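The primary structure of each chain is shown beneath.
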Amino acid sequence: MSEKNKKTKIIVIVGPTSSGKSDIAVALAKKFKGEIISADSRQVYKGLDIGTGKITKKEMRGVPHHLLDVCSPKKRFTASDFNKLAQKAIKEIIARKKIPIICGGTGFYIDALLGDKQIPEVPPNPKLRKILEKKTVEELFKILKKLDLVRASNIDVKNPRRLVRAIEICEAIGKVPKLQIQNSKSEIRNKFKIIKIGIKISNEELKKRINKRIDKWFKMGLLKEVKNLHKNGLSWKRMGEIGLEYKIVASYLQNKISKEEMILRMQTETYQYAKRQMTWFKRDKNIVWIPPKINSVTKETNKFLKNE
């Protein structure tokens, strides 16, 4: 293949929460002159640092990171927003003659960016939202299951905002478009050569890592972070929409649950969330699964970069 027709390469690192994706992405970026695009639906929000496991400046080791802190948590950030910003970041990284490394656990965002999933352009329905917002997550999930069993099987069942949005789309256009490869339609897939590396980790090890991470978060000041977010105008309701960590801590700070219950729920629900992430990723047969050892991941990446 001539230099002119040679496809630019993109590295994608996926895996469940606490699997060590960020450290591996940084190590690859240092070795292969890359820049990282975060594909995390909550790390896009400013001020949500500890409870989202956002990488620190020290952990970045000088590697530029994109799509962190790009939106106020009071606003809603969508897969469509991610798509636009990530495509822009990819172009800028390539212009600097660096390799884009997409790293994250939000499979829907990654699939949307790579053209593996359609993003339905459905405007919000305030009337329907008003009705749905009065319902519990269990009731919302029941409604979605009746409308679209496929979407119900891979959605975050604890996230009312996502459940409401999925129902809203179903009501507007029927079933949510299913996961499908659209190589001919995907600009990214046509222009670039992509490797997807999944971080393979045992359930036992994953549980240990999750519990250790949660313990670390509380030592780092997660309670203070949530208190400050609320003090600065982020409602308890909005915290519940953003993610399970903030929802659970918010319940504790409102005296709805005990400290022990808060920690136990954080551990249990984070593990359940990690399992849902894996269910999503396992449907993608193009992912190469590798244990979280930098040497193994480097070897596979090197092979991909050298192969024309």
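This report concerns the structure included in the present document. (Residues numbered from 1 in each chain as written. Predicted model: local features only at pLDDT ≥ 70, side-chain atom pairs only at ≥ 80, totals over all residues. Heavy atoms only, no water.)

**With respect to the environment of Ile195**
The criterion, for reference: A run of DSSP states H or I qualifies as a helix once it reaches four residues; a run of E qualifies as a strand once it reaches two. Both are numbered from the N-terminal end. A simple rule labels every residue: compare its accessible area, found with a 1.4 Å probe on the protein chains alone, to the largest value its type can have, and call it buried under 20%, exposed over 50%, or partly exposed in between. By definition in these notes, contact holds between two residues if any of their heavy atoms fall within 4.5 Å.
Secondary-structure assignment places Ile195 in strand S5 (residues 192-199). Look at Ile195 and you get buried, because its relative accessible area is 7%. Separated by 184 residues in sequence, Ile195 and Ile11 have C-alpha atoms that sit 5.2 Å apart. Ignoring anything within four residues of it in the chain, the contact list for Ile195 reads Ile10, Ile11, Val12, Glu300 and Phe304.

**A closer look at the packing of helix H3 (residues 79-95) against helix H4 (residues 107-114)**
As a reminder, the rule being used: As a rule, the C-alpha atoms of each element are fitted with a line to give its axis, helices using only the stretch in contact, and angles between N-to-C directions run from 0 to 180 degrees. For classification purposes, angles smaller than 35 degrees are called roughly parallel, those larger than 145 roughly antiparallel, those between 65 and 115 roughly perpendicular, and all remaining angles oblique. Handedness of a helix crossing follows the sense of rotation of the near helix relative to the far helix, less than a right angle counterclockwise being left-handed and clockwise being right-handed.
Their axes nearest at 9 Å, the elements H3 and H4 cross at an angle of 60 degrees. Relative to H4, H3 is oriented oblique. Crossing of H3 against H4: the hand is right-handed. Residue-level contacts link Ala79, Phe82, Asn83, Ala86, Gln87 and Ile90 of H3 to Phe108, Tyr109, Ala112 and Leu113 of H4.

**With respect to the sheet that holds strand S3 (residues 65-66)**
Inclusion rule: Criterion used throughout: strands pair if DSSP finds at least two bridges between them.
Read from one edge of the open sheet, 6 strands run S3-S2-S4-S1-S5-S6, paired in parallel fashion. In this open sheet, the two edge strands, each paired with only one partner strand, are S3 and strand S6 (287-290). Where strand S1 (residues 8-14) and strand S4 (residues 99-104) come together, 4 bridges link them in parallel fashion. By the bridge assignment, Ile11 is partnered in S4 with Ile101. The sheet strands contacting H3 are S1, strand S2 (34-38), S3, S4 and S5, and the helix crosses S2 at an angle near 175 degrees.

**Re the nonpolar core**
Convention followed: Among the buried residues, those of types Ala, Val, Leu, Ile, Met, Phe, Trp, Tyr and Cys that are joined through side-chain atoms within 4.5 Å form a nonpolar core.
If you look at the biggest cluster of nonpolar residues, it comprises 50 residues, and the most contacted ones within it are Ile37, Phe82, Ile90 and Ile102. Those elements that place two or more of their residues in this core are S1, H3, H4, helix H10 (203-220), helix H11 (222-231), helix H12 (236-242), helix H13 (244-253) and helix H14 (259-282). Per element, the largest residue contribution to this core is 7 residues, and it comes from H14. Discounting residues that sit within four places of it in the chain, Ile37 has contacts with His66, Leu67, Ala86, Ala89, Ile90, Ile93, Ile101, Ile102 and Cys103. With 22 residues, the next largest nonpolar core counts Ala25, Val63, Ile101 and Ile197 among its residues.

**Overview of the packing of aromatic side chains**
Within a pair of aromatic rings, the relevant descriptors are the distance that separates the centres and the angle that separates the planes. How we decide: A pair of aromatic rings is counted whenever rings of Phe, Tyr or Trp (Trp by its six-membered ring) have centres within 6.5 Å, and the orientation is called stacked for planes under 30 degrees apart, edge-to-face for over 60 and tilted otherwise.
By the definition in use, this model includes 3 aromatic pairs. Measuring from centroid to centroid gives 6.2 Å for Phe108 and Trp280, while their planes differ by 65 degrees, and the two rings are edge-to-face. On the criterion of sequence distance, the pair formed by Phe108 in helix H4 and Trp280 in helix H14 is long-range, its members being 172 residues apart. Taken together, Phe77, Phe82 and Tyr109 form an aromatic cluster joined through their ring pairs.

**Some remarks on empty space enclosed by the protein**
Left-over empty space is what a probe sized like a water molecule reveals as it rolls over the atoms. Stated precisely, the cut-off is as follows: Each cavity reported here is a set of points on a 1 Å grid over the protein atoms alone in which a 1.4 Å probe fits but cannot get out, each pocket an open set with protein on both sides within 12 Å along at least five of seven lines, and each lining residue one with an atom within 4 Å of a point. Grid points are joined across faces, edges and corners, and a volume is the space filled by probe spheres set on the points. Lys, Arg, Asp and Glu make up the charged group, whereas Ala, Val, Leu, Ile, Met, Phe, Trp, Tyr, Cys and Pro make up the nonpolar group; the residues left over, Gly among them, are polar.
Scanning the entire structure with this criterion turns up 3 cavities of 30 Å³ or more. Its volume calculated, the largest cavity comes out at about 60 Å³. The wall of the largest cavity is formed by Ser41, Arg42, Asp156, Asn159, Arg162, Ile242, Gly243, Leu244 and Tyr273. Taken together, the residues that form the lining of the largest cavity break down as 3 nonpolar, 3 polar and 3 charged.

**What about the side chain of Thr17?**
We apply this condition: Definition of a polar contact: a pair of N or O atoms within 3.5 Å, with one able to donate and the other able to accept a hydrogen when the atoms are protein atoms, and with sequence-neighbouring residues admitted only if both atoms are side-chain atoms.
One can find Thr17 in the loop between S1 and helix H1 (21-32). Using a relative accessible area of 12% as the deciding quantity, one classes Thr17 as buried. Only 2.9 Å separates the side chain of Thr17 from the side chain of Arg213, close enough to count as a polar contact. Dropping the residues within four chain positions of it, Thr17 is found in contact with Leu206, Ile210, Arg213, Thr270, Tyr273, Ala274 and Gln277.

**Quick look at the pattern of salt bridges**
Test applied: A pair is scored as a salt bridge if a Lys or Arg side-chain nitrogen falls within 4 Å of a carboxyl oxygen belonging to Asp or Glu.
The final tally for this structure, using the stated rule, is 16 salt bridges. The shortest N-O distance in the salt bridge between Arg76 and Glu241 comes to 3.4 Å. Taken together, the positions of Arg76 in the loop between S3 and H3 and Glu241 in helix H12 put the pair 165 residues apart, joining distant regions of the chain. The salt bridge involving Glu241 is made with Arg238; its shortest N-O contact spans 3.1 Å. Residue Glu241 and its partner Arg238 are both found in helix H12; the two are separated by 3 residues, about one turn of the helix. Its relative accessible area of 9% is what places Glu241 among the buried residues. Assessed through its relative accessible area of 7%, Arg238 is described here as buried.

Note that all results are geometric; they support no functional claim without further evidence.
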